[in-house]
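Below are the chains, spelled out letter by letter.
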Amino acid sequence: MTLHAHGTFTVQLTPQPLADPTADSLLGRLAIAKEFQGDITGISHGEMLSARSAVDGSAGYVAIERFTGTLHGRRGSFVLQHSGTMTRGAQQLTISVVPDSGTDELEGLTGTMNLQIADGVHAYDFIFTQATSHDTPA
């Protein structure tokens, strides 16, 4: 059965040095810290790699973050994988649960997260399923 979780989150992005200090200045690395409210309650930490192009409004990023907290009251953690591009201002973003990354009461979790930003408020819509113990392979 497909379920939804809705709410808001705050995010802090902190610039970090690149592994190669001589890398192109259009590349970036950021630490991610989020706090979720709503159907998902908890924190996540991760890292983002980004690239801007010489064309205004065109860029890309990838990120990995580990969430720890509760989803509809079920405690555990899971990992989200981001892949985003912006082509002259037009955005495309995919955020998915890394397979088999769910722990504790969130074991077997799969899903995708959509984000909306309006008036400076970050909101999420998480569409997910969770395998039960008899659904997981032996």
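One structure accompanies this document, and this report is about it. (Residues numbered from 1 in each chain as written. Predicted model: local features only at pLDDT ≥ 70, side-chain atom pairs only at ≥ 80, totals over all residues. Heavy atoms only, no water.)

1. With respect to the overall build of the protein chain
Alright, step 1. Across its full length, the protein chain holds zero helices and eight strands.
Alright, step 2. Of the regular secondary structure in the protein chain, the N- to C-terminal order runs β-β-β-β-β-β-β-β.
Alright, step 3. Seen through its principal axes, the protein chain has C-alpha atoms that stretch 50 × 35 × 20 Å.
Alright, step 4. Residue burial in the protein chain is summarised as follows: out of 138 residues, 30% are buried.
Alright, step 5. Taking contacts inside the protein chain between residues at least 6 apart in sequence as the whole, the part at least 24 apart equals 46%.
Alright, step 6. Summing over all exposed atoms, the protein chain offers an accessible surface of approximately 8,400 Å²; the carbon and sulfur share of this is 56%.
Alright, step 7. A distance of 4 Å separates the average location of the 7 positive side-chain charges in the protein chain from that of its 14 negative side-chain charges. (Helix = DSSP H or I, 4+ residues; strand = E, 2+ residues; numbered from the N terminus. Buried < 20%, exposed > 50% of the residue type's maximum accessible area, 1.4 Å probe, protein only. Contact = heavy atoms within 4.5 Å. Areas by Shrake-Rupley, 256 points an atom, 1.4 Å probe, with all protein chains shown as cover. Lys, Arg positive; Asp, Glu negative; His and termini not counted. Charge placed at Lys NZ, Arg CZ, Asp CG, Glu CD.)

2. Details of the packing of aromatic side chains
The relation between two aromatic rings is expressed through the spacing of the ring centres and the mutual angle of the planes.
Alright, step 1. For the structure on display, the rule yields six aromatic pairs.
Alright, step 2. A centroid spacing of 5.5 Å and a plane angle of 90° characterise the contact between F36 and F67, whose relative ring orientation is edge-to-face. Pair noted here: F36 is in strand 2 (residues 27–38) and F67 is in strand 4 (residues 59–71), with a separation of 31 residues, a long-range link.
Alright, step 3. In this structure F36 comes out as buried when scored by relative accessible area, which is 3%.
Alright, step 4. With a centroid separation of 5.1 Å and an interplanar angle of 40°, the aromatic rings of F67 and F78 are classed as tilted. Of this pair, F67 sits in strand 4 while F78 sits in strand 5 (residues 74–87), and the two are 11 residues apart along the sequence.
Alright, step 5. Using a relative accessible area of 1% as the deciding quantity, one classes F78 as buried.
Alright, step 6. One aromatic cluster is present, formed by F9, F36, F67, F78, Y124, F126 and F128 through successive ring pairs. (Phe/Tyr/Trp six-rings, centres within 6.5 Å; stacked < 30°, edge-to-face > 60°.)

3. Quick word on the pattern of salt bridges
Alright, step 1. Within the structure shown, the criterion is met by two salt bridges.
Alright, step 2. Here E47 makes a salt bridge to R29, at a shortest N to O gap of 2.9 Å. Of this pair, E47 sits in strand 3 (residues 40–52) while R29 sits in strand 2, and the two are 18 residues apart along the sequence.
Alright, step 3. Residue classification places E47 among the partly exposed positions, given a relative accessible area of 41%. (Salt bridge = Lys/Arg side-chain N within 4 Å of Asp/Glu carboxyl O.)

4. Points about the side chain of S101
Alright, step 1. Inspection of the secondary structure puts S101 in the loop between strand 6 (90–97) and strand 7 (109–118).
Alright, step 2. A polar contact of 3.0 Å, which involves the side chain of S101, links it to the backbone nitrogen of V79.
Alright, step 3. For S101, the contacting residues outside a window of four places in its chain are R66, S77, F78 and V79. (Polar contact = N/O pair within 3.5 Å; in protein donor to acceptor, adjacent residues only side chain to side chain.)

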